[in-house]
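Residue-level structure breakdown
Residue-level listing of the chains:
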Amino acid sequence: MENKLRFYNTLTRKVETFIPNEEGRVAMYTCGPTVYHFAHIGNLRSYIMEDLLEKTLRYLGYDVKRVMNITDVGHLSSDADTGEDKMLKGAKREHKSVMEIARFYTEAFFNDCGKLNIKTPDVVEPATNCISEFIHMIQTLMEKGYAYEQGGNIYFDTSRLKEYYVLSNHSEQELLVGVRDDVDEDANKRNKSDFVLWFTKSKFDAQELKWESPWGLGYPGWHIECSCISMKHLGEYMDIHCGGVDNIFPHHTNEIAQSESYLGHKWCNYWFHVHHLIEKGKTSKMSKSSGEFLTVSFLENKGYDPLVYRMFCLQSHYRKPLEISYEVLDNMTAAYDKLVKRIAALQREGDVDQGKYAAYKTRFEQALCDDLNSSMALTVLYDMLKEDMSDATKYALAEDFDRVLSLNLTTAHAAKNADQQVDAELESYILARIEERKAAKKEKNFARADAIRAQLLEKGILLEDTREGVKWKKA
Ligand code: AMP
Ligand code: ZN
């Protein structure tokens, strides 16, 4: 590991050299999706950049164990434990049970991740699998005096901590201003910043999923799941915890408060946060509460390859807000098509120039090690394609860089051509059948004409007789 990875640690507010607890191994945790709806492409920006971090670590030779939770219970509309439960909201919207909603959107999430070449973490754990672990942690926090029961709920007592706002610049004063707009202000809390660990006889009685606990029938708060699920699989010490910047407060702040109070020592050394995706012309981050939001399928229906969106994310730094528009996606599509076409044209046979191969590999690593400068890593790719060296060297480097970039650099062009060939073959078949049907009609053989229409329909092709002649479309 010659190059040392440096990235911005939200905890220390500095770009730092990454040193794991155990040499060569990385314990990494990612806050997973709340599976009440499709992920929007803003959420997926966070997962793409976290995937980049994981793949960079692996590229540098680390043995990474990455864990992700699936929030299928406990996340209320506001991150600050107020409003309606998001899962219940999804179930009501679609007239399904909470578990049906969870199953459907978990699958949809990993489908989207697959299209964006985001690797599935080594461990994926739904919150509803770990209720006994949550209860155990809450019990310990109660015994240690960090939690209290009030009005049927169990709260974490933030006044017990020397420093609560370790991750953010929030102050008690700011928080007081923040809660003024909060119609659901919770009178049970001893301190404004206290948060719920377990709900029982609360106003959220409509909750579909409930479990027995020492405090009565109820369900967990949102924050507790990440502390418990990460410890279950990664132990008491973690190297990197990831999420979007909106997770810094209150979610990650609360995770640190409860985890370190429970453990009695420092928990996670590095906090990695990805900035938001913003739609051009809008000022706030993309969110699902605004009604319409962009999904991977929406982009696909508009004709965009999901990997074009991945490349668009890689072109920008994870710590900057990223503005998206169709215009930039169109430009990125052209750039991506040109890039993969160029790589496809390389002759693979011949010798790899080991010296140049190693030099470019070092440059690529250096870009990534410099606070994950992915746009510089792409520049290194373009530079090496322009370099005076054998095609075989270039091809080998493209293949190697793609272990991190995951843009299907060496396969996309062939796959696209194959798709186009299938489309061209299908079209000529359809046109031949339309001609055959025309001839059948002329001979007044209507049974034959209808049979041809039915055969095409079986293949998903719909014929329409219009004034301008017969037209076809995908059914
Ligand atoms: P959720 O499913 O709401 O828990 O969010 C999943 C992940 O997406 C979290 O890590 C969020 O911080 C992140 N996230 C939410 N909105 C955005 C956005 N507009 N851009 C980038 N990441 C986001
Ligand atoms: Zn989390």
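Remember, it's a predicted structure, so these values are computed and weren't measured experimentally. (Residues numbered from 1 in each chain as written. Chains lettered and ligands numbered in written order. Predicted model: local features only at pLDDT ≥ 70, side-chain atom pairs only at ≥ 80, totals over all residues. Heavy atoms only, no water.)

Observations regarding the pairing of strand β5 (residues 123-126)
We apply this condition: Relative accessibility decides the category of a residue: with a 1.4 Å probe and only protein chains considered, values under 20% of the type maximum give buried, values over 50% give exposed, and everything between is partly exposed. Counting from the N terminus, the helices are DSSP H or I runs at least four residues long and the strands are E runs at least two residues long. What makes two strands pair is DSSP finding at least two bridges between them.
Only one face of β5 is covered, namely the one carrying V123 and E125; the face carrying V124 and P126 has none of its residues buried. By the bridge criterion, four bridges tie strand β4 (residues 63-70) to β5 in an arrangement that is parallel. Bridge pairing in β5 links I70 to P126.

A short note on the pattern of salt bridges
Where we set the bar: A carboxyl oxygen of Asp or Glu within 4 Å of a side-chain nitrogen of Lys or Arg is what we treat as a salt bridge.
This structure, assessed with the given rule, holds 33 salt bridges. Notably, a salt bridge pairs D51 with K55, separated by 2.9 Å at the nearest N-O pair. Of the two residues, D51 and K55 are both situated in helix α1 (residues 41-59); the distance of four residues between them amounts to about one turn of the helix. Since its relative accessible area comes to 11%, K55 is described here as buried. Where E54 meets K119, a salt bridge forms, and the shortest distance between an N and an O atom there is 3.0 Å. Highlighted residues: E54 in helix α1 and K119 in the loop between α3 (98-115) and β5, separated in sequence by 65 residues. A relative accessible area of 28% places K119 in the partly exposed class.

Describing the sheet that holds strand β8 (residues 195-199)
In plain terms, the rule: Residues count as neighbours in contact if any of their non-hydrogen atoms are within 4.5 Å of one another. For every element, the axis is a line fit to its C-alpha atoms; helices are fit only across the contacting stretch, and the angle between N-to-C directions ranges from 0 to 180 degrees.
Read across the open sheet, the four strands follow the order β6-β7-β8-β9; overall the sheet is antiparallel. Both outer strands of the open sheet, β6 (147-150) and β9 (219-220), are each paired with one neighbouring strand and no more. Relative to β8, strand β7 (residues 153-156) runs antiparallel, the two being bridged by three bridges. Residue pairing in the sheet places I154 in a bridge with W198 of β8. The sheet strands contacting helix α4 (residues 131-143) are β6, β7, β8 and β9, and the helix crosses β8 at an angle near 125°.

Considerations on the side chain of D239
Let me state the cut-off plainly: Neither His nor the chain ends is counted toward charge; the positive residues are Lys and Arg and the negative residues Asp and Glu. In protein, a polar contact means a hydrogen-donor-capable atom and an acceptor-capable atom, both N or O and within 3.5 Å, with residues adjacent in sequence counting only if both atoms are side-chain atoms; elsewhere, any N or O pair within 3.5 Å suffices.
Examined against the element boundaries, D239 turns out to sit in strand β10 (residues 238-244). Here D239 is buried and forms no salt bridge, its nearest opposite-charge partner R25 lying at an N-O distance of 8.0 Å. Within polar-contact distance, the side chain of D239 engages the backbone nitrogen of A27 at 2.8 Å. Setting aside chain neighbours within four positions, we find D239 in contact with F18, P20, N21, R25, V26, A27, C268, N269 and Y270.

A word on the domain arrangement of the protein
The figure often quoted for interface size is the accessible area lost as the parts come together. What counts, and what does not: Here the bounds of each domain stem from an automatic or database domain assignment. Defined in terms of a 1.4 Å probe, buried area is the accessible area two parts forfeit on being brought together, summed over both.
As far as domains go, the protein holds domain 1 (6-274), domain 2 (291-412) and domain 3 (422-474). Taking the mean C-alpha position of each, domain 1 and domain 2 sit 32 Å from one another. At the junction of the two partners, domain 1 supplies 29 residues and domain 2 supplies 36 residues. Together domain 1 and domain 2 conceal approximately 2900 Å² of surface at their shared face, both sides included; 66% is due to carbon and sulfur atoms. It is I41, R45 and Y59 in domain 1 that bury the most area against domain 2; as a group they hold 30% of the surface buried on that side.

Observations concerning the coordination of the zinc ion (ligand 2)
Put simply, the test is: Only N, O and S atoms count as donors, using a 2.8 Å limit from the metal and a wider 3.2 Å limit for Na, K and Ca, and since water is excluded some coordination spheres may look unfilled. Under the classification used here, a metal with four donors is tetrahedral if each angle lies between 85 and 135 degrees, square planar if opposite donors are over 155 degrees apart and the others between 65 and 115, a six-donor metal meeting that same test is octahedral, and anything else is irregular.
Coordination of the zinc ion (ligand 2) by the protein is provided by C31 (SG), C226 (SG), H251 (NE2) and E255 (OE), with metal-donor distances spanning 2.0 to 2.8 Å. Around the zinc ion (ligand 2), the four donor atoms are arranged such that angles at the metal cover 71 to 130°; this shape is classified as irregular. Each donor residue of the zinc ion (ligand 2) lies on the same chain, and together they follow the pattern C-x194-C-x24-H-x3-E. With C226 in helix α6 (residues 223-234) and H251 in helix α7 (residues 248-263), this pair connects stretches of sequence that are 25 residues apart. As far as the burial class goes, C226 and H251 line up, both buried.

Examining the state of the cysteines
Rule in force here: In this description, the term disulfide denotes a pair of cysteine sulfurs within 2.5 Å.
The full count for this structure, using the stated rule, is zero disulfides. C130 carries a free sulfur, and the closest cysteine sulfur to it, the one in C228, is 7.7 Å from it. For C130, a relative accessible area of 1% corresponds to the buried category. With no disulfide of its own, C268 has C242 as its nearest cysteine by sulfur position, at a separation of 8.5 Å.

Notes on the nonpolar core
Heads up, the condition is: Think of a nonpolar core as a cluster: buried Ala, Val, Leu, Ile, Met, Phe, Trp, Tyr and Cys residues, connected wherever their side-chain atoms sit within 4.5 Å.
One finds L53, L57, I240, Y309 and F401 to be the most contacted residues of the largest nonpolar core, which totals 75 residues. Here this core spans two domains, since at least three of its residues come from each of domain 1 (6-274) and domain 2 (291-412). Aside from chain neighbours lying at most four places away, what touches L57 is L5, F18, V26, M28, Y62, V64 and I240. Within the second largest apolar cluster, 49 residues are counted, among which are I138, F199, W215 and I224.

Structural notes on the site of ligand 1
The criterion, for reference: Throughout this document, a residue counts as near a molecule or strand when at least one of its heavy atoms sits within 4 Å of that molecule or strand. Under the convention used here, a 1.4 Å probe and the Shrake-Rupley method define accessible areas, while residue burial counts only the protein chains that appear.
What surrounds ligand 1 is a group of 16 residues, the closest being G42, S46, D246, N247 and L277. The separation between an oxygen atom of ligand 1 and a polar side-chain atom of N247 is 3.0 Å. Interatomic distance of 2.9 Å between a backbone N/O atom of L277 and a nitrogen atom of ligand 1. Coverage of ligand 1 by the protein amounts to 95% of the 490 Å² it exposes when considered alone.

Notes on the packing of aromatic side chains
Let me state the cut-off plainly: Aromatic pairing here means that ring centres of Phe, Tyr or Trp (its six-membered ring) are within 6.5 Å. Orientation follows from the plane angle: under 30 degrees is stacked, over 60 is edge-to-face, and everything else is tilted.
For the structure on display, the rule yields 24 aromatic pairs. Between F38 and F104, the ring centres sit 6.0 Å apart and the planes meet at 70°, which makes this aromatic pair edge-to-face. Of this pair, F38 sits in the loop between β3 (25-30) and α1 while F104 sits in helix α3, and the two are 66 residues apart along the sequence. Judged by its relative accessible area of 29%, F38 is partly exposed. Residue classification places F104 among the partly exposed positions, given a relative accessible area of 42%. Measuring from ring centre to ring centre gives 5.1 Å for Y47 and F109, while their planes differ by 75°; the resulting arrangement is edge-to-face. Highlighted residues: Y47 in helix α1 and F109 in helix α3, separated in sequence by 62 residues. An aromatic cluster of at least three residues, connected via ring pairs, comprises F7, F18, Y62, Y270, F272 and Y318.

Re the sheet that holds β5
Across the sheet, five strands lie side by side as β5-β4-β3-β10-β11; this open sheet has parallel pairing. A single partner strand is all that each edge strand has here, and the edge strands are β5 and β11 (268-274). On average, adjacent strands in this sheet sit at an angle of 20° to one another, irrespective of strand direction.

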